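Close look at the chain arrangement
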Amino acid sequence: MSSDKMNACADMILTNAIEDMAMNENISIEEARSKLLDSEACKCLYDFDSKLWMEGPDYFLDFYRMMENKTHTS
């Protein structure tokens, strides 16, 4: 698959994850966007070798939470 297609998939996952996080955590879209864009999970999403771009927004949000918990407990 081309990197353009993988990038488009990652963009869609990120967009949906931002909307889901904002709704589920009762925060603004801007706050959710900032949290996700500044995360290690987002770096992994765009590292196409990780294949995270193949998963959906729910999986990505779970991955984000796992990474955040790991960061805060270390």
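Check the entry above for the structure.
Residues numbered from 1 in each chain as written. Predicted model: local features only at pLDDT ≥ 70, side-chain atom pairs only at ≥ 80, totals over all residues. Heavy atoms only, no water.

**A short note on the environment of Phe 63**
- Here Phe 63 is to be found in helix 4 (residues 57-73).
- Considered as a pair, Phe 63 and Ser 3 are 60 residues apart in the sequence and their alpha carbons are 22 Å apart.
- With residues near it in sequence (within four places) discarded, Phe 63 still touches Ala 41, Cys 44 and Leu 52. (Helix = DSSP H or I, 4+ residues; strand = E, 2+ residues; numbered from the N terminus. Contact = heavy atoms within 4.5 Å.)

**Some remarks on the nonpolar core**
- With 21 residues, the main nonpolar core has Leu 14, Met 21, Ala 32, Leu 36, Ala 41, Leu 45 and Phe 60 as its most contacted residues.
- Of all the secondary structure elements, the ones that give two or more residues to this core are helix 1 (3-25), helix 2 (29-37), helix 3 (40-45) and helix 4.
- By residue number, the principal contributor to this core is helix 1, which donates eight residues.
- In this structure, Ala 32 is in contact with Ile 18, Met 21, Ala 22 and Ile 27, ignoring residues within four places of it in sequence. (Core = buried A, V, L, I, M, F, W, Y, C linked by side-chain atoms within 4.5 Å. Buried < 20%, exposed > 50% of the residue type's maximum accessible area, 1.4 Å probe, protein only.)

**Considering the state of the cysteines**
- Counting across every chain of the model gives zero disulfides.
- Take Cys 9: it sits in no disulfide, and the sulfur closest to it among the cysteines is that of Cys 42, at 15 Å.
- The cysteine Cys 44 is free of any disulfide, with Cys 42 supplying the nearest cysteine sulfur at 9.3 Å. (Disulfide = S-S within 2.5 Å.)

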